[in-house]
Amino acid sequence: MPLDHRRLRGPEESQPPALWAATAAEDEEDEEGAGAAPRDPCALRPLFARAGLLSQAQGSAYVELGSGTKVLCAAWGPRESAEPGPGRLLCEFRRAPFAGRGARGRPGAAAEREAEREAAAALREALEPAVRLGRYPRARLAVSALLLQDGGSALAAAVSAAALALADAGVEMYDLAVGCALSRPPAPAASWMLQPAEPEERRAAARLTLALLPALNQVSAVLGGGRGGPPEDWAQALRLGLDGCHRQYPVLRQSLLRAAQRRDAAAAATAAATAAATSA
């Protein structure tokens, strides 16, 4: 029998797609079960921060949490605005198409745009008390946050990264705004835990995100909701979150200091090279 060379020959054996779908579901359940393993509720995730990454922006910062969350922020200094009065802070929050796990809705969908607008408004609420907007009359400052990977506590990481980017851009600030997220599992006797991972946030009965100016000991924003129990439990969550912000503060300050040192070293090297070229 002659062969049809215009067709691709299929495999000799085949298996139903439902078999692989069941395996994928089991793997996801195993990952979630591992993420829900008991851990110290007061323990912070490992934090990595670096400022001064982007050459196209006046200021930039990258923050990564041990849960997998990765945020990249860019900031631009004062630009002239037609509106009178003190300066304005413009905030933008975007999710990368590959930021979340599993299936993703159509890019630019109404629900996704609304979620990004709410996150941008929360980011502005947390950052405005930290910026000396009165020193920039009739000007606007801009900060843009891009969520590269959502492993949980994304808004808190974006607050810290955006504050670092603004400081790296040379914007006058009262202090760095440090974000910290908490969640409470649905169990009746469960306690609040710091920096929940994405599976923990998904199953949480209550969530809380706060921003703190540690040097001033001033809370700039508190965002949250859910069934967190009586007021005493919410107060306990606030105390736990404030402690988490204070513990992250030295890491962010060191990141900003290292960025300034790298900038000064690069400027000194450029000046030396220019002087050598002139003398030659």
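Here, every reference points to the structure presented above.
Rules and cut-offs
- Residues numbered from 1 in each chain as written.
- Predicted model: local features only at pLDDT ≥ 70, side-chain atom pairs only at ≥ 80, totals over all residues.
- Heavy atoms only, no water.
- Helix = DSSP H or I, 4+ residues; strand = E, 2+ residues; numbered from the N terminus.
- Polar contact = N/O pair within 3.5 Å; in protein donor to acceptor, adjacent residues only side chain to side chain.
- Contact = heavy atoms within 4.5 Å.
- Pairing = 2+ DSSP bridges.
- Axes fitted to C-alpha atoms, helices over the stretch in contact; angles between N-to-C directions.
- Patch = residues over 30% accessible without salt bridge, like charges linked within 9 Å, V, L, I, M, F, W, Y side chains within 5 Å.
- Areas by Shrake-Rupley, 256 points an atom, 1.4 Å probe, with all protein chains shown as cover.
- Salt bridge = Lys/Arg side-chain N within 4 Å of Asp/Glu carboxyl O.

1. What to know about the side chain of Asp168
So, step 1. If you trace the backbone, Asp168 turns up in helix 3 (residues 154-168).
So, step 2. A polar atom in the side chain of Asp168 sits 3.5 Å from the backbone nitrogen of Gly52.
So, step 3. Within the structure, Asp168 has its side chain in polar contact with the backbone nitrogen of Ser60 (distance 3.2 Å).
So, step 4. Setting aside residues up to four positions removed in sequence, Asp168 forms contacts with Ala51, Gly52, Gln58, Gly59, Ser60, Leu256, Ala259 and Arg263.

2. Description of the sheet that holds strand 9 (residues 218-226)
So, step 1. Ordered in space as 7-6-8-9, the four strands form an open sheet in which the pairing is antiparallel. Edge strands, defined here as strands with exactly one partner in the open sheet, are strand 7 (193-194) and strand 9.
So, step 2. Pairing between strand 6 (residues 178-184) and strand 8 (residues 206-213): seven bridges, direction antiparallel. Bridged to Ser183 within strand 8 is Arg207.
So, step 3. This element, helix 2 (residues 110-127), spans strand 8 and strand 9 of the sheet and lies at about 150° to strand 9.
So, step 4. Along the sheet, helix 3 contacts strand 6, strand 8 and strand 9; its crossing angle with strand 6, the most-contacted strand, is approximately 170°.

3. Details of a nonpolar patch on the surface
So, step 1. Taken together, the side chains of Val219, Val222 and Leu238 present a nonpolar region at the surface, about 210 Å² in accessible area.
So, step 2. Among the secondary structure elements, Val219 is positioned in strand 9.

Purely geometric stuff here, so don't read any function into it on its own.
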